[in-house]
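Chains, contacts and geometry: an overview
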Amino acid sequence: MALAPELFFLLLFSSFFPSLSSLEAHQLPVDLLVSSSNRSSPLPPASPSSSIPPISVLAPALFVIGDSTVDCGTNNYLGTLARADHLPYGRDFDTHLPTGRFSNGRVIVDYLALRLGLPFVPPFLGQSGKVEDLIHGVNYASAAAGVLFPSGSDLGMHVSLTQQIQQVGDTFEHLALNLGEEAAADLFARSVFYVSIGSNDFIHYYLRNTSSVQSLYLPWEFNQLLVSTMKQEIKNLYNTNVRKLVVMGLAPIGCTPHYLWEYGSANGKCIDEINNVIIEFNYAMRYMVDELSHELPGATMTFCDAFEGSMDILENRRRYGFVTTTNACCGLGKYGGLIMCLLPEMACRNASMHVWWDEFHPTDAVNRILADNIWSGEHRTMCYPMNLQEMTKFKL
């Protein structure tokens, strides 16, 4: 089978990426996904005088689970084509350097961390194993990861959803060793956990009909498979004493430059046959989150519909100051949808005028608007039954 165009060009520019020739699998063993310092030389148990450093009034920490929508550098440590560790990624970030974020600047959780009074959350694979690196939260998100284990494997290594949940457990154990189990449990219970994953199950699995998956599942059946898997993983988080959870729905994948290009959209019209499946997925996720919030004692959960928030921006671009809702700031081909951003020369001058940064990911400007909505519904109500600001007021 011929390589998809984006893979062909990614391989062409392989100087940006580590060699994959020596890799025998697309996934890292779970025990290799924890830093060696964390595994081989854990810190000694905390003394009675030890205490948690000063923390945010609104939440002690922010923990992030997900894919490239919130990856802040996990994939920099992996052998994968899904990497954003080169310019022009990060050119408009605070440091003006690439960090592994799939954006010209910040991702949504960066804005939410600031709202919570927290520093930007570091990637789990980059932490040293010191408790100080964990105390305000960790980002486990890995670009190309999906709800299902195989999703995104065509791009190389990634940390799957199940592996990320296991890393959450490793983090809890490490905190318990250093702070005591009661303090670790309290920290997790009062912290915000943010989950944003699922796009790659469609982009790199179902829509590509990998392993003839479409012959096994109708779209609604595939959605039910994803939602039931998510439900179990959220229960696993709950069993690790997670109590405050923000679950993100999926953005309108059918409006991304990649699918406008692939489906030959003549006038930039979104691909309805894709978006309809995403709408159904989000509806099922919202119902599941509501169901679990009543089923799990003490749990405070909310579902934030990224589709609603994104469509509001696409339909009201002038109100938000965007010039184009179809063309990626950085890419090749019609709409910039042929390939991801590889070289600085491929990028437009002013990303803030664009909704899309590359073939799949929004610009910093869009991330800021969506973060405002998640936090307080400032521009559009998209979180149900509450926004994050309201969630922080719930006391355990």
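This section reports on the structure supplied with the text. Being a predicted model, the structure only gives us computed values, none of them experimental.

What to know about the nonpolar core
Leu62, Tyr194, Phe202 and Ile374 are the most contacted members of the largest nonpolar core, which has 105 residues in total. If you look at the next biggest cluster of nonpolar residues, it comprises 20 residues, including Phe102, Met346, Ala347 and Trp357.

Comments concerning the packing of helix 4 (residues 161-179) against helix 5 (residues 181-190)
When two helices pack together, you describe them by how their axes are tilted relative to each other and by the distance separating the axes. Running from amino to carboxyl end, helix 4 crosses helix 5 at an angle of 135°, the nearest separation of the two axes being 7 Å. Judged on the interaxial angle alone, helix 5 and helix 4 are oblique. Two packed elements cross with a definite hand, and for helix 4 against helix 5 that hand is right-handed. Listed contacts from helix 5 to Val168, Thr171, Phe172, Leu175, Ala176 and Leu179 of helix 4 are Glu181, Ala183, Ala184, Ala185, Leu187 and Phe188. Here the residues of the contact of helix 4 with helix 5 are counted per class, giving 10 nonpolar, one polar and one charged.

As for helix 3 (residues 108-115)
Most of helix 3 is tucked away: six of the eight residues are buried. Where helix 3 is concerned, the buried positions are Ile108, Val109, Asp110, Tyr111, Leu112 and Ala113. In this structure, the buried side of helix 3 is in contact with strand 1 (62-66), strand 2 (192-196), helix 13 (364-376) and helix 14 (388-391). Once helix 3 ends, the next one or two residues include Gly117, with phi positive near 80°.

Regarding the packing of helix 11 (residues 306-315) against helix 13
Interhelical geometry of helix 11 versus helix 13 gives an angle of 130° and a closest axis separation of 10 Å. Considering the angle they form, helix 11 stands oblique to helix 13. At the point where helix 11 passes helix 13, the crossing takes the right-handed sense. Contact with helix 11, carried on its side by Gly309, Ser310 and Ile313, involves Val366, Ile369, Leu370 and Asn373 of helix 13 and no other residues of that element. Considering only residue class, the contact of helix 11 with helix 13 consists of four nonpolar, three polar and no charged.

Rules used in this analysis
- Residues numbered from 1 in each chain as written.
- Predicted model: local features only at pLDDT ≥ 70, side-chain atom pairs only at ≥ 80, totals over all residues.
- Heavy atoms only, no water.
- Core = buried A, V, L, I, M, F, W, Y, C linked by side-chain atoms within 4.5 Å.
- Buried < 20%, exposed > 50% of the residue type's maximum accessible area, 1.4 Å probe, protein only.
- Axes fitted to C-alpha atoms, helices over the stretch in contact; angles between N-to-C directions.
- Helix = DSSP H or I, 4+ residues; strand = E, 2+ residues; numbered from the N terminus.
- Parallel < 35°, antiparallel > 145°, perpendicular 65-115°, else oblique.
- Left-handed = near helix turned anticlockwise from the far one by under 90°.
- Contact = heavy atoms within 4.5 Å.
- Nonpolar A, V, L, I, M, F, W, Y, C, P; charged D, E, K, R; others polar.

Shape descriptors only; they carry no functional weight alone.
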